[in-house]
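Now for the letters of each chain:
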Amino acid sequence: MTSTSLVLKRPHSVIEVVESATSTHKKIRIQTTAKSSSVVGKLQQSVALLENVAQQNSKELLEVLVKIADELVLDDCQLPDLYKAIKKLLELFRQERDGDTTIRVKILRLLADLAEVRIAEVVNALIDEIIAVLKHEKSQKVIAQGLSSLHKIGARNLNQLPSMHVTKIAHFAQQQLISESHHTQKNALLVLSAFVALTDAKKGVIDTVWHYADSQDSGYEVYFLGIVDYMG
């Protein structure tokens, strides 16, 4: 099976990049310069924990993922450590392909959390990698979470998201409408309600959404009406 690997790029400069979120979010600072070897950032510690998990020990891995999610701090993290964390999480996701779905769900949630750094190249890489691993996913529970993660990443980075990546998210969501899982369909419609108007979508997309909204309960109709309202 061919897998997509994350391409790590060397930072273009050593200038500290500061991204201020809205007033309801804390400030996140990403450093591209190397810290003193005596200082180990929280994210680097998290990666070390993942590296030390015994292979095939799903219970231990899940416990570590929960711990990382509960204690995740992105303040003053270094860009190389951020990429290393993403790469390791994707590696573990593929390792657990036929394992516990709860682990894969947790990894997708963590990947969405890492997008809080609001760095364009990181956000774009996360979208590409999540869609890539989901294309080979069989569990509807995991796919539904993947859609939720894509929605979270896209919605919180909408102002800097390239139209190409908006289209990728919307196209992947459209493909999931044929799922037999109502949870997957519902999350796919949630994604489309947020992004379909931004992709200059063809009428066929809306017709497809209407077909599924009309054939399900009123909750689906709400999502469809949201799309229509969003498009004005």
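Residues numbered from 1 in each chain as written. Predicted model: local features only at pLDDT ≥ 70, side-chain atom pairs only at ≥ 80, totals over all residues. Heavy atoms only, no water.

### A short note on the nonpolar core
And step 1. If you look at the biggest cluster of nonpolar residues, it comprises 58 residues, and the most contacted ones within it are Leu-111, Leu-114 and Val-122.
And step 2. At the level of secondary structure, the elements contributing two or more residues to this core comprise α1 (42-51), α2 (58-71), α3 (79-95), α4 (101-114), α5 (120-134), α6 (140-156), α7 (163-175) and α8 (182-195).
And step 3. The element contributing the most residues to this core is α3, with nine residues.
And step 4. If sequence neighbours within four positions are ignored, Leu-111 has contacts with Ile-86, Leu-89, Leu-90, Leu-126, Ile-130 and Ile-153. (Core = buried A, V, L, I, M, F, W, Y, C linked by side-chain atoms within 4.5 Å. Buried < 20%, exposed > 50% of the residue type's maximum accessible area, 1.4 Å probe, protein only. Helix = DSSP H or I, 4+ residues; strand = E, 2+ residues; numbered from the N terminus. Contact = heavy atoms within 4.5 Å.)

### Quick look at the confidence of the model for the protein
And step 1. Here the protein shows a mean pLDDT of 76. Residues at 70 or above account for 67%.
And step 2. Here strand β1 (residues 17-19) stands out as the least confident element of the protein, with mean pLDDT 32; α4 is the most confident, with 96.
And step 3. Counting interchain partners and residues more than four positions distant, the pLDDT-below-50 stretch residues 1-39 has 67 contacts. (pLDDT = per-residue confidence, 0-100.)

### Notes on the pattern of salt bridges
And step 1. Applying the stated criterion to the full structure yields ten salt bridges.
And step 2. In this structure, Glu-137 and Arg-97 form a salt bridge, with 3.8 Å as the shortest nitrogen-oxygen distance. Taken together, the residues span a long stretch of sequence, with Glu-137 in the loop between α5 and α6 and Arg-97 in the loop between α3 and α4 at a distance of 40 residues. Note on accessibility: Glu-137 and Arg-97 belong to one class, buried.
And step 3. With a shortest N-O distance of 2.8 Å, Glu-137 and Arg-104 are connected by a salt bridge. Placement of Glu-137 in the loop between α5 and α6 and of Arg-104 in helix α4 is noted, with a sequence separation of 33 residues between them. (Salt bridge = Lys/Arg side-chain N within 4 Å of Asp/Glu carboxyl O.)

### A few points about the packing of α3 against α5
And step 1. At a closest axis distance of 12 Å, the pairing of α3 and α5 adopts a crossing angle of 5°. Considering their axes alone, α3 and α5 lie roughly parallel with respect to each other. The residues of α5 that touch α3, namely those facing Leu-79, Leu-82, Tyr-83, Ile-86, Leu-90, Phe-93 and Arg-94, are Glu-121, Val-122, Leu-126, Glu-129 and Val-133. (Axes fitted to C-alpha atoms, helices over the stretch in contact; angles between N-to-C directions. Parallel < 35°, antiparallel > 145°, perpendicular 65-115°, else oblique.)

### Examining the environment of Leu-43
And step 1. With respect to the helices, strands and loops of the structure, Leu-43 is situated in helix α1.
And step 2. The class for Leu-43 is buried, based on a relative accessible area of 4%.
And step 3. Considered as a pair, Leu-43 and Val-73 are 30 residues apart in the sequence and their alpha carbons are 6.8 Å apart.

### Examining α3
And step 1. The terminal C-alpha atoms of α3, which comprises 17 residues, lie 24 Å apart, in line with the 24 Å expected from a rise of 1.5 Å per residue.
And step 2. Taken residue by residue, α3 has Leu-79, Asp-81, Leu-82, Tyr-83, Ala-85, Ile-86, Lys-88, Leu-89, Leu-90, Leu-92 and Phe-93 as its buried positions. (Expected span 1.5 Å × (residues − 1).)

### Focus on the side chain of Gln-176
And step 1. Residue placement: Gln-176 occurs in the loop between α7 and α8.
And step 2. Judged by its relative accessible area of 12%, Gln-176 is buried.

### Some details on the environment of Asn-157
And step 1. Within the secondary structure, Asn-157 sits in the loop between α6 and α7.
And step 2. Residue Asn-157 is classed as buried on the basis of its relative accessible area of 3%.
And step 3. Along the backbone, Asn-157 and Ala-120 are 37 residues apart, and their C-alpha atoms lie at a distance of 8.2 Å.
And step 4. In contact with Asn-157, other than residues within four places in its own chain, are Ala-115, Arg-118 and Val-123.

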